[in-house]
Amino acid sequence: MNGTPQDAARSNSDSAEESLRMVSSQPQGNEPISDEELRPQVLDGFIGQPRLKAQLQLFLDAARKRDTPPDHILMAGPPGLGKTTLAMIVANELGVAIRVTSGPAIQHAGDLASILSSLDVGEVLFIDEIHRLPRPAEELLYIAMEDFRVDVMVGKGPGASSIPLTLPRFTVIGATTREGMLPSPLRARFGFTAHLDFYPSDELEKLIERSAAVLGLSLDPGAARQLSLRSRGTPRIANRLLRRVRDWATVHELDSIDTDAVHDALALYQIDSEGLDRLDIAVLRAIVTSFNGGPVGLNNLAAMVGEEADTVETVCEPYLVREGFLVRTPKGRVATAKAWEHLGLTPRDDVSQLT
Ligand SMILES: Nc1ncnc2c1ncn2[C@@H]1O[C@H](COP(=O)(O)OP(=O)(O)OP(=O)(O)O)[C@@H](O)[C@H]1O
Ligand SMILES: [Mg+2]
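About the criteria used
- Residues numbered from 1 in each chain as written.
- Chains lettered and ligands numbered in written order.
- Predicted model: local features only at pLDDT ≥ 70, side-chain atom pairs only at ≥ 80, totals over all residues.
- Heavy atoms only, no water.
- UniProt positions renumbered as here; feature names shortened; annotations may be inferred.
- Helix = DSSP H or I, 4+ residues; strand = E, 2+ residues; numbered from the N terminus.
- Pairing = 2+ DSSP bridges.
- Near = heavy atom within 4 Å.
- Polar contact = N/O pair within 3.5 Å; in protein donor to acceptor, adjacent residues only side chain to side chain.
- Areas by Shrake-Rupley, 256 points an atom, 1.4 Å probe, with all protein chains shown as cover.
- Nonpolar A, V, L, I, M, F, W, Y, C, P; charged D, E, K, R; others polar.
- Axes fitted to C-alpha atoms, helices over the stretch in contact; angles between N-to-C directions.
- Parallel < 35°, antiparallel > 145°, perpendicular 65-115°, else oblique.
- Contact = heavy atoms within 4.5 Å.
- Buried < 20%, exposed > 50% of the residue type's maximum accessible area, 1.4 Å probe, protein only.
- Arc of directions from axis to C-beta.

Visitor: Could you give an account of the UniProt feature "domain: AAA+ ATPase" (unreviewed entry) in the chain, with specific residues and numbers?
Guide: On the UniProt side, "domain: AAA+ ATPase" (unreviewed entry) is annotated at positions that read residues 69-202 here. The distance separating the terminal C-alpha atoms of residues 69-202 is 35 Å; by composition the span is 30% helix and 27% strand.

Visitor: Requested: an account of the pairing of strand 5 (residues 161-166), with residues and values cited.
Guide: Where strand 4 (residues 149-154) lies against strand 5, 6 bridges are found, and the strand directions are antiparallel. Its bridge partner being in strand 5, Val 152 is matched across the sheet by Ile 163. The antiparallel hairpin formed by strand 4 and strand 5 contains 6 residues in its connecting segment, where Gly 155 sits at a positive phi of about 80 degrees.

Visitor: So what's going on with the site of ligand 1? Residues and values would help.
Guide: In the region of ligand 1, 19 residues are neighbours, and Ile 47, Gly 80, Lys 83, Thr 84 and Thr 85 sit closest. Here an oxygen atom of ligand 1 and a backbone polar atom of Leu 38 are 3.4 Å apart. The contact in question runs from an oxygen atom of ligand 1 to an N or O atom on the side chain of Thr 84, over 2.8 Å. Its free accessible area being 630 Å², ligand 1 has 95% of it covered by the protein chains. Only helix 2 (31-38), helix 4 (83-94) and helix 10 (235-251) provide two or more residues apiece to the shell around ligand 1. Looking at the shell around ligand 1 residue by residue, the classes come out as 9 nonpolar, 6 polar and 4 charged.

Visitor: I'd like a rundown of the packing of helix 2 against helix 10, residues and numbers included.
Guide: The geometry of helix 2 relative to helix 10 is characterised by a closest axis approach of 11 Å and an angle of 95 degrees between their N-to-C directions. Considering their axes alone, helix 2 and helix 10 lie roughly perpendicular with respect to each other. Across the interface between the two elements, Glu 31, Ser 34, Asp 35 and Leu 38 of helix 2 pack against Arg 236, Asn 239, Arg 240 and Arg 243 of helix 10. Of the residues that constitute the contact of helix 2 with helix 10, the class distribution is 1 nonpolar, 2 polar and 5 charged.

Visitor: Which residues make up unusual backbone geometry, and what are the values?
Guide: Following Gly 294, the chain continues to Pro 295 via a peptide bond in cis, the omega torsion being 5 degrees. For Asp 67, which is not glycine, the phi dihedral falls at a positive 55 degrees. On the basis of relative accessible area, Asp 67 is assigned to the exposed category, the value being 69%. In this structure, Glu 129 is a non-glycine residue whose phi angle is positive, near 45 degrees. Residue placement: Glu 129 occurs in the loop between strand 3 (124-128) and helix 6 (135-147). For Glu 129, a relative accessible area of 29% puts it in the partly exposed group.

Visitor: Before we move on, can you summarise helix 13 (residues 298-305) with the specific residues and values?
Guide: Quick reminder: α-helices carry 3.6 residues per turn. Residues three or four places apart thus point the same way. Among all positions of helix 13, only Leu 298, Leu 301, Ala 302 and Val 305 are buried. When helix 13 is viewed along its axis, its buried side chains cluster within an angular range of 100 degrees and face the same direction. Summarising the geometry of helix 13, the exposed residues directed more than 90 degrees from the buried face are Asn 299 and Ala 303. Contact partners of the buried residues in helix 13: helix 12 (278-290), helix 14 (309-322) and strand 9 (332-335). At the exit of helix 13 stands Gly 306, carrying a positive phi of roughly 70 degrees.

Visitor: Give a detailed account of the sheet that holds strand 7 (residues 192-195), specifying residues and quantitative values.
Guide: Taken together, 5 strands build an open sheet; the order of strands is 2-3-6-1-7 and the sheet is parallel. Edge positions in the open sheet fall to strand 2 (98-102) and strand 7, since each of these has one partner strand only. Mean inter-strand twist for the sheet, computed between neighbouring axes without regard to direction, equals 20 degrees. Note that strand 1 (residues 73-76) and strand 6 (residues 171-176) share 4 bridges and pair parallel. Bridge assignment links Ile 73 to a residue of strand 6, and that residue is Ile 173. Its contacts with the sheet put helix 4 on strand 1, strand 2, strand 3 and strand 6, and the angle it makes with strand 1 is roughly 155 degrees.

See the structure below:
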């Protein structure tokens, strides 16, 4: 389903809003480039997600043993959890080239046809944001993925004809943050779907230690732990916070990073012990202090914190809900006992029954 222009404008403004936040899971500034140096190259270097790694290992081992390109793979999950990283790892582990494109970059089916027809045998075609492929390109992709064939249109108008072109066997790796938006015929053409989930803090701690080693930083175990707790389950955020703490250490000429450095650097960016930022705290504080814990409607809440309702709903609430600070009820948003306590307040007596 295509959104209206208003929807598009709204999601742009959400992402503009989101990109101002240190705790955003979207890439910021030149991060896609600096992410590169922190990207593990082999499956062994990929931290966490043990079940997924074992599944992928088996999948790759089998393909290598049979000496055929593996089935197509879909990487699904929220931003910043490692979809692109895993796609690069798969190509690297197979020792094949990877061609990178994305749903929005392909405007016409012909764009995709020309990429497909230039693939060599065994190559990986990585299609990022695959849920945003235009419909005609999607239909062309179904056939290419299943039959390794594209129909090339020759000529125009009534004299036009299509010539089938056989493709070498290749592997599509699709990545999506919105698996539900993929039409089922497309989803069905992937032999393996890797669902990436938010990382528990002990895995993030290992990831931060690995990144610190790559960046040549000396980091106390306590500092890695503190950073992991504030990274919202997301490797991209963990790496970003680590870089900001590195800035702090550089400017203050610290030889090694300890918990005080983490605390001071992140206090400057207004990121608290649970990874909540200024906007998250403003939302919780408004519910608790101005609406006595809720329920409060989204529009009233947004007005109280001086933000667009959409921003509160899409940028702020998902993490607050996931972490159990806030619940959505039919009557409106309610702050949980955890939210009251996080603000240093005693919950209203009936809060636990409400939530
Ligand atoms: N499991 C992991 N181990 C080590 N580093 C990781 C892991 N997952 C992600 N990273 C690092 O986090 C950063 C973001 O990961 P990546 O770009 O793969 O996310 P993504 O899921 O593709 O995000 P998006 O949906 O925005 O494209 C990269 O620097 C990557 O190296
Ligand atoms: Mg990506």
